[in-house]
Amino acid sequence: LAKTTQPISMDSYEGQEVNITCSHNNIATNDYITWYQQFPSQGPRFIIQGYKTKVTNEVASLFIPADRKSSTLSLPRVSLSDTAVYYCLVGDANYGQNFVFGPGTRLSVLP
Amino acid sequence: NAGVTQTPKFRVLKTGQSMTLLCAQDMNHEYMYWYRQDPGMGLRLIHYSVGEGTTAKGEVPDGYNVSRLKKQNFLLGLESAAPSQTSVYFCASSYGTSGGSSYNEQFFGPGTRLTVL
């Protein structure tokens, strides 16, 4: 299983763009990169998933370089409600049980 | 659609007692999962199921048993609860390989907060 490394915590201010980088040096050919968001006392929620290059949805963008050994989740113009823990997962998309949740990045958005 | 629901929301047990946590999903998902989350940590996979009648061990299966008799339900049992099993338990489900907008996007329930004294 591909192991991921991401910062334990980050601080930002409202209205700023936040970029959270995840390292996954031993990512396999069939592995996808998935990000989840978790608010206190709630289950995680899917944010975005990608395989290579760039993926964008209404919530975030995901940038994946050609070597796929890292990825960056970009949250545009964060608000206080974006304060949460963000998890980077890497695994074969055909086997959901292979996605491992690490400790995540605790993002604090300040006014 | 209710999505993924978990019963109960809270429970306090004494050491040695048994209990069953119920997870139900109404999205016709093939895959279901049970995780535990300890304070300040990520989620750890206990058991999972890739279809009705099948179960498999995850990262931390000891002390737990599961059953998937119906596609929509996934039960997690603690036969003899221990204080080390004090945690928040999350159930999740996903399409599996048969479809969905994203590969194996997992949908999570609200969690069950279990305390073992």
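Okay, so let's go over this structure. If you're wondering where the values come from, they're calculated on a predicted model, not measured in any experiment.

1. What about the packing of aromatic side chains?
All names here are of chain A.
- Enumeration according to the criterion identifies 11 aromatic pairs over all chains in this entry.
- Summarising the aromatic geometry, the rings of Tyr32 and Tyr51 are spaced 5.3 Å apart at their centres and angled 55° between planes, so their arrangement reads as tilted. Residue Tyr32 is found in strand E3 (residues 31-38), and its partner Tyr51 is found in the loop between strand E4 (45-50) and strand E5 (53-56); the two are separated by 19 residues along the sequence.
- Looking at Tyr51, the relative accessible area reads 27%, which means it is partly exposed.

2. A short note on the pattern of salt bridges
All names here are of chain B.
- Applying the stated rule across the entire model yields three salt bridges over all chains.
- Across the pair Lys71 and Glu30 runs a salt bridge whose closest N-O atoms are separated by 2.9 Å. Taken together, the residues Lys71 in the loop between strand E7 (65-67) and strand E8 (73-78) and Glu30 in the loop between strand E3 (19-25) and strand E4 (31-37) connect sequence positions 41 residues apart.
- A relative accessible area of 18% means that Lys71 is categorised as buried.
- The partner of Arg44 in a salt bridge is Asp38, and the shortest N-O contact between them spans 2.6 Å.
- According to the relative accessible area criterion, Asp38 is buried, its value standing at 12%.

3. A look at the interface of chain A and chain B
- Counting residues at the interface gives 19 residues for chain A, matched by 21 residues for chain B.
- Taking both sides of the interface into account, the surface hidden between chain A and chain B amounts to around 1,600 Å²; carbon and sulfur atoms contribute 53%.
- The interface formed by chain A and chain B holds zero salt bridges in total.
- Taken together, the connections running from chain A to chain B amount to three residue pairs in polar contact (both at pLDDT 80 or more).
- Elements represented by at least two residues in the side of chain A that touches chain B include exactly E3 and E4 of chain A.
- Per-element tally for the side of chain A that touches chain B: the top contributor is E3(A), with three residues.
- Of the residues that constitute the side of chain A that touches chain B, the class distribution is 10 nonpolar, nine polar and no charged.

4. What to know about the state of the cysteines
- For the structure shown, the criterion picks out two disulfides over all chains.
- With its sulfur 2.2 Å from that of its partner, A:Cys22 forms a disulfide with A:Cys88. The sign of the -80° torsion about the S-S bond sets the A:Cys22-A:Cys88 disulfide as left-handed. With A:Cys22 in strand E2 (residues 18-23) and A:Cys88 in strand E8 (residues 84-92), the pair connects residues that are 66 residues apart, well separated along the chain.
- On the accessibility criterion, A:Cys22 (0% relative accessible area) is buried.
- The disulfide that involves B:Cys23 links it to B:Cys91, with 1.8 Å between the sulfurs. Its torsion about the S-S bond being -75°, the disulfide of B:Cys23 and B:Cys91 is classed as left-handed. On the criterion of sequence distance, the pair formed by B:Cys23 in strand E3 and B:Cys91 in strand E9 (residues 87-94) is long-range, its members being 68 residues apart.
- Residue B:Cys91 is classed as buried on the basis of its relative accessible area, which comes to 0%.

5. Quick notes on the sheet that holds E3(B)
All names here are of chain B.
- Across the sheet, which stays open at both edges, the four strands sit in the order E1-E3-E8-E7 with antiparallel pairing between neighbours. The sheet is open, and its two edges are formed by strand E1 (4-7) and E7, each paired on a single side. The average angle at which neighbouring strand axes cross in this sheet is 20°, direction not considered.

6. A look at the pairing of E8(A)
Residues and elements named next belong to chain A.
- Burial runs high along E8: nine of the nine residues are buried.
- Looking at chain direction, E8 and strand E9 (residues 105-110) are connected through three bridges and run antiparallel. Looking at the pairing, Val85 lines up with Arg106 of E9.

The rules behind each value
Residues numbered from 1 in each chain as written. Chains lettered and ligands numbered in written order. Predicted model: local features only at pLDDT ≥ 70, side-chain atom pairs only at ≥ 80, totals over all residues. Heavy atoms only, no water. Phe/Tyr/Trp six-rings, centres within 6.5 Å; stacked < 30°, edge-to-face > 60°. Helix = DSSP H or I, 4+ residues; strand = E, 2+ residues; numbered from the N terminus. Buried < 20%, exposed > 50% of the residue type's maximum accessible area, 1.4 Å probe, protein only. Salt bridge = Lys/Arg side-chain N within 4 Å of Asp/Glu carboxyl O. Contact = heavy atoms within 4.5 Å. Buried area = accessible area lost by both parts, 1.4 Å probe. Polar contact = N/O pair within 3.5 Å; in protein donor to acceptor, adjacent residues only side chain to side chain. Nonpolar A, V, L, I, M, F, W, Y, C, P; charged D, E, K, R; others polar. Disulfide = S-S within 2.5 Å. Pairing = 2+ DSSP bridges. Axes fitted to C-alpha atoms, helices over the stretch in contact; angles between N-to-C directions.

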